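# Commentary on secondary and tertiary structure
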Amino acid sequence: MALPNETIYTEDDYYNLPETTRAELIDGKIYYLAAPSRIHQKISSELYTIINHYIKSKGGLCEAYYAPFAVKLQEDKNTIVEPDISVICDPGKLTDRGCTGAPDWIIEIISPSNPGDDYVRKLNLYTDAGVREYWIIDPRTESILVYFLEQSNFQIEKYTFHDKIKSGIYDDLYIDFAKLDFQ
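Thresholds applied
Residues numbered from 1 in each chain as written. Predicted model: local features only at pLDDT ≥ 70, side-chain atom pairs only at ≥ 80, totals over all residues. Heavy atoms only, no water. Salt bridge = Lys/Arg side-chain N within 4 Å of Asp/Glu carboxyl O. Helix = DSSP H or I, 4+ residues; strand = E, 2+ residues; numbered from the N terminus. Buried < 20%, exposed > 50% of the residue type's maximum accessible area, 1.4 Å probe, protein only. Core = buried A, V, L, I, M, F, W, Y, C linked by side-chain atoms within 4.5 Å. Contact = heavy atoms within 4.5 Å. Disulfide = S-S within 2.5 Å.

## Re the pattern of salt bridges
- A full pass over the atoms with the stated rule returns eight salt bridges.
- The partner of Glu 11 in a salt bridge is Lys 72, and the shortest N-O contact between them spans 2.5 Å. Taken as a pair, Glu 11 in helix 1 (residues 11-15) and Lys 72 in strand 4 (residues 70-72) lie far apart in primary sequence, 61 residues in all.
- For Glu 11, a relative accessible area of 24% corresponds to the partly exposed category.
- In this structure, Glu 24 and Lys 122 form a salt bridge, with 2.9 Å as the shortest nitrogen-oxygen distance. Residue Glu 24 is found in strand 1 (residues 23-26), and its partner Lys 122 is found in helix 3 (residues 115-129); the two are separated by 98 residues along the sequence.
- On the basis of relative accessibility, which here comes to 2%, the residue Glu 24 falls in the buried class.

Laid out in structure tokens, this is it:
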């Protein structure tokens, strides 16, 4: 008995989805995304504002984007993700459709319906693509895992919503979670 053929989706399929559809294309499979919770949006908004203000105050080349923002991690793969926050420091990676290539810094905020995606699947994707720094924020446990991926000795630091965290891609950007209003 033959197994049913599994459909492999492409970048064209992803971009032909209705504009109101939230989805990611990972290794040729489409994963539909639920609308984020209110706390998810508050965390994303607070962090994006801090990071964007920092970048603008420094006048650098980096740009910050928040979801939905398409990131095609590698040219030869059928993978397009929509990180909650992406910081791209190479303007050559930016296109009309989003980003082609690995962002320098990605932040994902855990959704209760699919925590394994951010902790496992996306960690592997981001590591393979060459993302320099990856933060996973879990509102349920009020914890933050910070992965420094560019170092030869892959480092992980664990923090809470009471900590002040330094970004690894900047010398003087600290985010004090204790001072943020997520309620």
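## Thoughts on the nonpolar core
- In this structure, Ile 51, Trp 105 and Phe 177 are the most contacted members of the largest nonpolar core, which totals 28 residues.
- Of all the elements in the fold, those that place two or more residues in this core are helix 2 (38-58), strand 6 (85-88), strand 9 (105-109), strand 10 (133-138) and strand 11 (143-148).
- Per-element accounting of this core gives the leading share, six residues, to helix 2.
- In this structure Trp 105 touches Ile 51, Ile 85, Ser 86, Val 87, Glu 133, Trp 135, Ser 167, Ile 169, Tyr 170, Leu 173 and Ile 175, once residues within four positions along its chain are discounted.
- Grouped together as the second largest cluster of nonpolar side chains are 20 residues, Phe 69, Leu 73, Ile 88 and Leu 123 included.

## A few points about the state of the cysteines
- What the rule picks out here adds up to one disulfide.
- Each sulfur of the disulfide joining Cys 62 and Cys 89 lies 2.0 Å from the other. Here Cys 62 and Cys 89 share a disulfide; its torsion about the S-S bond, 100°, makes the bridge right-handed. Placement of Cys 62 in the loop between helix 2 and strand 3 (63-66) and of Cys 89 in the loop between strand 6 and strand 7 (94-95) is noted, with a sequence separation of 27 residues between them.
- Cys 62 gets classed as buried once you look at its relative accessible area, which sits at 14%.

All quantities given are derived from atomic positions and should not be read as evidence of function.
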